[in-house]
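# Breakdown of the fold
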Amino acid sequence: MELMAVIQALEALKRPCAVTLYLDSQYVLKGITEWLPGWKAKGWKTASKQPVKNVELWKRLDDLLLQGGHVVDWRWVRGHNGDAGNERADALANMGVASVHRR
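Residues numbered from 1 in each chain as written. Predicted model: local features only at pLDDT ≥ 70, side-chain atom pairs only at ≥ 80, totals over all residues. Heavy atoms only, no water.

## Digging into the overall build of the chain
Operational definition: We count a stretch as a helix when DSSP gives it H or I for four or more residues in a row; a strand needs E for two or more, and each element gets its number in order from the N terminus. Each residue is placed in one exposure class: buried if its accessible area under a 1.4 Å probe, protein chains only, is under 20% of its type's maximum, exposed if it is over 50%, and partly exposed if it falls in between. Contacts are residue-level and defined by heavy atoms, with any inter-residue pair within 4.5 Å sufficient. Here, Shrake-Rupley sampling with a 1.4 Å probe gives the accessible areas, and only protein chains in the shown set may cover a residue.
Broken down by element type, the chain carries 4 helices and 2 strands. Counting from the amino terminus, helix and strand elements in the chain follow one another as α-β-α-α-β-α. Counting across all 103 residues of the chain, residues that qualify as buried make up 26%. Taking the contacts inside the chain whose residues are at least 6 apart along the sequence as the reference set, 63% of them involve residues at least 24 apart. By element, 55% of the accessible surface of the chain is carried by carbon and sulfur atoms, the whole surface being about 7100 Å².

## A few points about the nonpolar core
Test applied: Put simply, a nonpolar core is a bunch of buried Ala, Val, Leu, Ile, Met, Phe, Trp, Tyr and Cys residues held in one set by side-chain atoms that sit within 4.5 Å of each other.
By size, the foremost hydrophobic cluster in this structure holds 20 residues, and its most contacted members are V6, L10, L21, W58, L61 and W74. Put simply, the parts of the chain that give this core at least two residues each are α1 (2–11), β1 (18–23), α2 (26–41), α3 (55–68) and β2 (71–76). Considering each element in turn, this core owes the most residues, 5 residues, to α2. Residues in contact with W58, not counting those within four places in the same chain, are L3, Y27, V28, G31, I32, L36, W39, W44, V52 and K53.

## Concerning the environment of D62
Position of D62 among the secondary structure elements: in helix α3. C-alpha separation for the pair D62 and L36, spaced 26 residues apart in sequence, amounts to 8.3 Å. Every residue in contact with D62, bar those within four places of it in the chain, is listed here: L36 and K40.

## Some points on the pattern of salt bridges
Pairing is possible between side chains that carry opposite charge, provided their charged atoms lie close to one another. This is how the line gets drawn: Whenever a carboxyl oxygen of Asp or Glu lies within 4 Å of a side-chain nitrogen of Lys or Arg, that contact is scored as a salt bridge.
For the structure shown, the criterion picks out 3 salt bridges. When the shortest N-O distance is used, the salt bridge between K40 and D62 registers 2.8 Å. Taken together, the positions of K40 in helix α2 and D62 in helix α3 put the pair 22 residues apart, joining distant regions of the chain. In this structure, D73 and R75 form a salt bridge, with 2.7 Å as the shortest nitrogen-oxygen distance. With a relative accessible area of 38%, R75 lands in the partly exposed category.

Right, dumping it as structure tokens:
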């Protein structure tokens, strides 16, 4: 879900922007800042030669960054540690899940 949240945030931008994205997901942060170039060079395989999980989402995010013209400053914050923005994001995500279950 963290990966999809980043994708949807960037898709919501209507023109190239400079943005700071705060993440509590090491998976997304390391994926985009460290692992992605290697995955692409290895035909979307990991260092252990396994297929990259969520490859379609990673490709979608990669395309957004390459074609969108956005400059992204990736910032990690510790989750569930009192960061006001992170706590608010979690609360909103939980409200969204609850609303889906009420239907």
